[in-house]
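# Summary of structural features
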Amino acid sequence: MTTDATSTTNAVMRGESGASLASAQESFEPVLVAAGADARTLGEQLFALSDALDGSGSLRRTLTDPSLPAQAKATVVRQLLGAFDERVRDLAETLVAARWTQELDLGHAVEHIALEAVLASAQAREALVTVEDELFRITRLLSGQRELRTALSDPQATVENRITLVDSLFAGKVDDVTLLLARRATTNLRHRRFVPNLLAYSDIAAERRRRLVAGVTSAVDLTPAQLDRLAGILERAYGRPVQLNVTVDTAVLGGLRVQVGADVIDSTMLSRLADARRRLVS
């Protein structure tokens, strides 16, 4: 199931690259949900991988070369990320096995999923609205501060000096994830300046906040068709995208148990939702 965030990214990253990113995001989202607040660590490691790709043209070319076997590229990834979390290594192997329209697209994809991971960590502790609001307020604060905006986006200044400036402005005044993203916005100036970076991060946060996560417990594995039908019912019922996080539990004697936020829905209720939907459109 494709999320709004994926659709937004695909507006920029088209063709094979857009499809590769969408597939990777979809498979990694349950990992982020399960990681909870620890998703921040995954995001920080993905930022490090993004930086490595930015800094080495030979690495980018190797990992995006369609003529190289996926196993050979996976070996490079395992050597490069040996000390990283296994979930990050698995994602990286998935990404380098995919096809990319341009070699730079791989780094862009890693950066985007890193942002998703960091924001997922805030979402897990119910701080995503706070982070989104703080990112917006920072951009408003800087709207009349031309010299400060210039200093935060100055490519002639060292990264360390720009981060020090960010910390002097915001450390201890905003959520830890907001501060991390502000530091990232001044570190990663390859695409945009500081404020446009923050605005892009805020957009991803807003898209992520509009998603719901449904915990699904079933006695047996559900088929792709069943998962699509369930997702469709829930999306129509709640009016926004729903990410399914499925657990198989043989202790469940039959049917399904679905939890969306505080709502617990059994299979009978799902059937009633579907019936109500059919009556509405008939």
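Just above sits the structure.
Each residue is numbered by its place in its chain's sequence as written, counting from 1. Predicted model: local features are reported for residues with pLDDT of at least 70 only, side-chain atom pairs are reported and counted for 80 or more only, and whole-chain, interface and lining totals are derived from all residues. The basis for every side-chain value is the complete set of non-hydrogen atoms in the structure, without hydrogens or water.

### Quick notes on the packing of helix H3 (residues 39-55) against helix H11 (residues 176-187)
Test applied: Here, axes are lines fitted to C-alpha atoms. For helices the fit covers the stretch in contact, and angles between N-to-C directions go from 0 to 180 degrees. Labels follow the DSSP assignment, with helices taken as runs of H or I lasting at least four residues and strands as runs of E lasting at least two, numbered in each case from the N terminus. Orientation labels follow simple angle bins: below 35 degrees gives roughly parallel, above 145 gives roughly antiparallel, 65 to 115 gives roughly perpendicular, and whatever is left gives oblique. Throughout, a residue-residue contact means that at least one pair of heavy atoms, one from each residue, lies within 4.5 Å.
At their nearest, the axes of H3 and H11 sit 13 Å apart, and the two run at 5° to each other. Comparing their axes, H11 and H3 come out roughly parallel. Facing H3, whose interface residues are Arg40, Glu44, Phe47, Ser50 and Asp51, H11 presents Asp176, Val177, Leu180 and Arg184.

### A short note on the packing of H3 against helix H6 (residues 86-97)
Quick note on the threshold: Less than a right angle of anticlockwise turn of the near helix away from the far helix marks a crossing as left-handed, whereas a clockwise turn marks it as right-handed. Following the grouping adopted for this structure description, the nonpolar residues are Ala, Val, Leu, Ile, Met, Phe, Trp, Tyr, Cys and Pro, the charged ones are Asp, Glu, Lys and Arg, and the polar ones are all others, Gly among them.
Two elements in contact, H3 and H6, have axes whose closest approach is 9 Å; the angle formed by their N-to-C orientations is 45°. Considered as vectors, H3 and H6 are oriented oblique to each other. Pair H3 / H6 crosses with right-handed handedness. Listed contacts from H6 to Leu42, Gln45, Leu46 and Leu49 of H3 are Arg87, Val88, Leu91 and Ala92. When grouped by side-chain class, the residues that make up the contact of H3 with H6 number 6 nonpolar, 1 polar and 1 charged.

### A few points about helix H5 (residues 70-80)
As a reminder of what qualifies: Think of it in three bands: with a 1.4 Å probe and only protein chains considered, a residue is buried below 20% of the maximum accessible area for its type, exposed above 50%, and partly exposed in between. This arc is built from the directions going out from the helix axis to the C-beta atoms.
Buried residues of H5: Lys73, Ala74 and Val77, and no others. The buried residues of H5 occupy an angular sector of 105° when the element is viewed end-on, so they sit on one face. Of the exposed residues in H5, the ones pointing more than 90 degrees away from its buried face are Gln71 and Gln79. Looking at the packing, one finds that the buried side of H5 touches helix H4 (57-64) and H6.

### Focus on the side chain of Ser20
You can see Ser20 is positioned in helix H2 (residues 15-35). On the basis of relative accessible area, Ser20 is assigned to the buried category, the value being 13%.

### With respect to the nonpolar core
In summary, soluble globular proteins display a tendency toward joint burial of nonpolar side chains. Here is the rule we go by: Here, nonpolar core means buried Ala, Val, Leu, Ile, Met, Phe, Trp, Tyr and Cys residues that are tied together by side-chain atoms lying within 4.5 Å of each other.
Counting 55 residues, the largest nonpolar core has Leu46, Leu95, Leu106, Ile113, Leu181 and Phe194 as the members making the most contacts within it. The element contributing the most residues to this core is helix H7 (residues 103-124), with 11 residues. Setting aside chain neighbours within four positions, we find Leu106 in contact with Leu53, Leu63, Thr64, Leu95, Val96 and Trp100. Membership of the second largest hydrophobic core comes to 13 residues, among which are Leu222, Val242, Val260 and Ile265.

### Some remarks on the pairing of strand S1 (residues 212-218)
The cut-off we apply is this: For two strands to be treated as a pair, DSSP must find no fewer than two bridges joining them. Classification remark: right-handed applies to a crossover when, strands pointing away from the viewer, the course from the first strand over the helix to the second runs clockwise.
In terms of residue burial, S1 counts as a mostly covered element, since 5 of its 7 residues are buried. Of the strand pairs in this sheet, S1 and strand S2 (residues 242-248) are connected by 7 bridges, and their pairing is parallel. For Val216, the partnering residue across the bridge sits in S2 and is Val246. Read from S1 through helix H13 (residues 224-238) to S2, the crossover connection turns out right-handed. Inspection of the sheet shows S1 paired to strand S3 (residues 256-260) by 5 bridges, in the antiparallel sense. When the bridges of S3 are listed, Gly215 appears paired with Gln259.

### Quick look at the pattern of salt bridges
To keep things clear, this is the line we draw: A pair is scored as a salt bridge if a Lys or Arg side-chain nitrogen falls within 4 Å of a carboxyl oxygen belonging to Asp or Glu.
Summed over all chains, the structure comprises 13 salt bridges. The partner of Arg99 in a salt bridge is Glu16, with the nearest N and O atoms 3.3 Å apart. With Arg99 in the loop between H6 and H7 and Glu16 in helix H2, the pair connects residues that are 83 residues apart, well separated along the chain. Among the residues examined, Glu16 registers a relative accessible area of 41% and is labelled partly exposed.

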